[in-house]
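Residue strings, one per chain:
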Amino acid sequence: MHSIPRFSHSGRFRLGLLLGLVLLGTGACAHLAIWPGEKPPASEFGFGPRVSEHGLYTVALEPAEALRARRLQKISVLVRDAAGQAISGATLSVDGGMPQHGHGLPTQPRAIPASAHGTYAIEGLRFNMGGWWVLALTIDGPLGADRVIFHLQI
Ligand SMILES: [Cu+2]
């Protein structure tokens, strides 16, 4: 007769697990340390506009079509300052991943300046599975460097 072993989720076990995750998060994997581990509320998801972490830029995403897993995406990025003025001449870098899975993007997308003032085009972006994705844009522009994080449900 078989009995299936089960974890008893005692308080002590949970505390140990939590400590382990915290130690892991402060270790070598910068992604896990940077991205919030808890899934934010639905109001935090979407294409923005969102204000960057230090308030320097207001950033919105404009996908060319509905985002879908396992295909290349074309997304425009609109960068403005706090007063709504378009910001040209910035250098954008793109990072991302799935916090719940602990993996990053399957490709190395880049963002290049587009013809419209304050607009940049993300190229080579692909989500290799459905779920909660984080897309982090670092903006190095005339007002300084700042980062904005988008939460996307794919
Ligand atoms: Cu995943």
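Cut-offs and rules
Residues numbered from 1 in each chain as written. Predicted model: local features only at pLDDT ≥ 70, side-chain atom pairs only at ≥ 80, totals over all residues. Heavy atoms only, no water. Helix = DSSP H or I, 4+ residues; strand = E, 2+ residues; numbered from the N terminus. Buried < 20%, exposed > 50% of the residue type's maximum accessible area, 1.4 Å probe, protein only. Contact = heavy atoms within 4.5 Å. Areas by Shrake-Rupley, 256 points an atom, 1.4 Å probe, with all protein chains shown as cover. Donors = N, O, S within 2.8 Å, 3.2 Å for Na, K, Ca; no water. Tetrahedral: all angles 85-135°; square planar, octahedral: opposite > 155°, others 65-115°. pLDDT = per-residue confidence, 0-100. Core = buried A, V, L, I, M, F, W, Y, C linked by side-chain atoms within 4.5 Å. Salt bridge = Lys/Arg side-chain N within 4 Å of Asp/Glu carboxyl O. Polar contact = N/O pair within 3.5 Å; in protein donor to acceptor, adjacent residues only side chain to side chain.

Some thoughts on the overall build of the chain
- Scanning the chain from N- to C-terminus turns up 2 helices and 9 strands.
- Seen in sequence order, the chain has helices and strands lined up from the N terminus as α-α-β-β-β-β-β-β-β-β-β.
- Sorting the 154 residues of the chain into buried and exposed places 32% on the buried side.
- Of the contacts formed within the chain by residues at least 6 apart in sequence, a portion of 59% connects residues at least 24 apart.
- Total accessible area on the chain is roughly 9500 Å²; 57% of this is exposed by carbon and sulfur atoms.

Focus on the side chain of T119
- Its place among the elements puts T119 in strand β7 (residues 119–126).
- Ignoring anything within four residues of it in the chain, the contact list for T119 reads S76, V77, L78, P113 and A114.

Description of the coordination of the copper ion
- On the protein side, the copper ion has M98 (SD), H101 (ND1), H103 (NE2) and M129 (SD) as donor atoms, found 1.9 to 2.3 Å from it.
- Coordination at the copper ion is tetrahedral: its 4 donor atoms span angles of 98 to 126° at the metal.
- Accessibility expressed as a relative area gives 1% for M98, which makes it buried.

Side note on the confidence of the model for the chain
- With 77% of its residues at a pLDDT of at least 70, the chain reaches an overall mean of 84.
- Predicted confidence for residues 1–34 stays below pLDDT 50, and this span has 10 contacts to residues more than four positions away or in other chains.

Here's the deal with the nonpolar core
- Counting residues in each nonpolar core, the largest one holds 26 residues, and the members touching the most others are V77, I122, L135 and L137.
- For this core, the secondary-structure elements that each account for two or more residues are β2 (58–63), β3 (72–80), β4 (91–98), β7, β8 (132–141) and β9 (144–153).
- Take this core: its biggest share by element is 4 residues, from β8.
- Contacts of L135, omitting those with residues within four sequence positions, involve L61, V94, D95, G96, L105, I122, L125, V148, I149, F150 and L152.
- Judged by nonpolar contacts, the second largest core, of 5 residues, contains F45, V134, A136 and I149.

Regarding the pattern of salt bridges
- Inspection of the entire model under this criterion finds 4 salt bridges.
- Between R147 and E53 there is a salt bridge, with the nearest N and O atoms lying 2.8 Å from each other. Placement of the pair is R147 in strand β9 and E53 in the loop between β1 (50–51) and β2, with a sequence separation of 94 residues.

Description of the side chain of Q73
- Assignment of secondary structure puts Q73 in strand β3.
- A residue is classified by how much of its surface remains accessible, and Q73, at 4% relative accessible area, is buried.
- In terms of polar contacts, Q73 uses its side chain to reach the backbone carbonyl oxygen of R68, at 2.4 Å.
- Polar contacts involving the side chain of Q73 include one to the main-chain carbonyl oxygen of R71, which spans 3.1 Å.

Side note on unusual backbone geometry
- Put simply, G48 and P49 share a cis peptide bond, and its omega is 10°.
- Mapped onto the elements of the fold, P49 is located in the loop between α2 (30–34) and β1.

Some details on the environment of G46
- Counting through the fold element by element, G46 comes out in the loop between α2 and β1.
- Along the primary structure G46 and F150 are separated by 104 residues, whereas in three dimensions their C-alpha atoms are 6.8 Å apart.
- Aside from chain neighbours lying at most four places away, what touches G46 is F150, H151 and L152.

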